[in-house]
Amino acid sequence: MEEAIQAVVPAEGLKAPATVRELNLDHRCKSARVAGLGALTGLETLSLNGVGLTTLEGMPVLPSLRELELSDNRLASGESIA
């Protein structure tokens, strides 16, 4: 997932990750867990459709997040973000 983030986020965003507001990794990588998002604390929209997630374990606290898309993954029912 970290490689996909680096490929999608502009270089300026990698230097100042808290300034990234939107991230779409739909079908761009395969990962069973969320990884590499901790520094992106300014995210307002995050789309992880079809990346192969089986758990939300490791999902960081993203205080600005308003929209989260997780369709087409293999999450267990009742999976929650703490």
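For the structure, check the block above.
Residues numbered from 1 in each chain as written. Predicted model: local features only at pLDDT ≥ 70, side-chain atom pairs only at ≥ 80, totals over all residues. Heavy atoms only, no water.

Colleague: Just to check I follow, could you spell out the sheet that holds strand 2 (residues 45–47) for this structure?
Modeller: Within a sheet, neighbouring strands are paired by backbone hydrogen bonds and run either parallel or antiparallel to one another. Strands sit in the order 1-2-3 across an open sheet of three strands; the sheet is parallel. The two strands at the open ends of the sheet, each matched to only one other strand, are strand 1 (22–24) and strand 3 (67–69). Put simply, the sheet's adjacent strands are angled 5° from each other on average, direction ignored. Of the strand pairs in this sheet, strand 2 and strand 3 are connected by three bridges, and their pairing is parallel. Across the sheet, residue Ser47 finds its bridge partner in strand 3, namely Glu69. (Pairing = 2+ DSSP bridges. Helix = DSSP H or I, 4+ residues; strand = E, 2+ residues; numbered from the N terminus. Axes fitted to C-alpha atoms, helices over the stretch in contact; angles between N-to-C directions.)

Colleague: I'm lost on the side chain of Ser31 in this one. Help?
Modeller: Looking at the element boundaries, Ser31 is found in the loop between strand 1 and strand 2. Classification of Ser31 as buried rests on a relative accessible area of 15%. For Ser31, the residues in contact, after removing those within four places along its chain, are Met1, Val51, Gly52 and Leu53. (Buried < 20%, exposed > 50% of the residue type's maximum accessible area, 1.4 Å probe, protein only. Contact = heavy atoms within 4.5 Å.)

Colleague: So what exactly am I meant to see when it comes to the side chain of Asn73 here?
Modeller: With respect to the secondary-structure elements, Asn73 resides in the segment after strand 3. Asn73 gets classed as buried once you look at its relative accessible area, which sits at 17%. A distance of 2.9 Å separates the side chain of Asn73 from the backbone nitrogen of Leu53, its partner in a polar contact. Among the polar contacts made by the side chain of Asn73, one reaches the main-chain carbonyl oxygen of Leu70 at a distance of 2.8 Å. (Polar contact = N/O pair within 3.5 Å; in protein donor to acceptor, adjacent residues only side chain to side chain.)

Colleague: It is not clear to me how the nonpolar core should be interpreted in this structure. Could you clarify?
Modeller: Grouped burial of nonpolar side chains is what soluble globular proteins tend to show. One finds Met1, Ile5, Leu23, Leu37, Leu46 and Leu48 to be the most contacted residues of the largest nonpolar core, which totals 19 residues. With sequence-adjacent residues up to four places away left out, Leu37 is seen in contact with Ile5, Leu23, Leu46, Met59, Pro60 and Leu62. (Core = buried A, V, L, I, M, F, W, Y, C linked by side-chain atoms within 4.5 Å.)

Colleague: Sorry if this is basic, but what is going on with unusual backbone geometry here?
Modeller: As a rule of thumb, non-glycine residues mostly have phi less than zero, and peptide bonds are mostly trans rather than cis. With a phi angle near 55°, His27 is a residue other than glycine that sits in the positive phi range. Topologically, His27 is positioned in the loop between strand 1 and strand 2. Non-glycine residue Asp72 carries a positive phi angle of around 60°. Topologically, Asp72 is positioned in the segment after strand 3.

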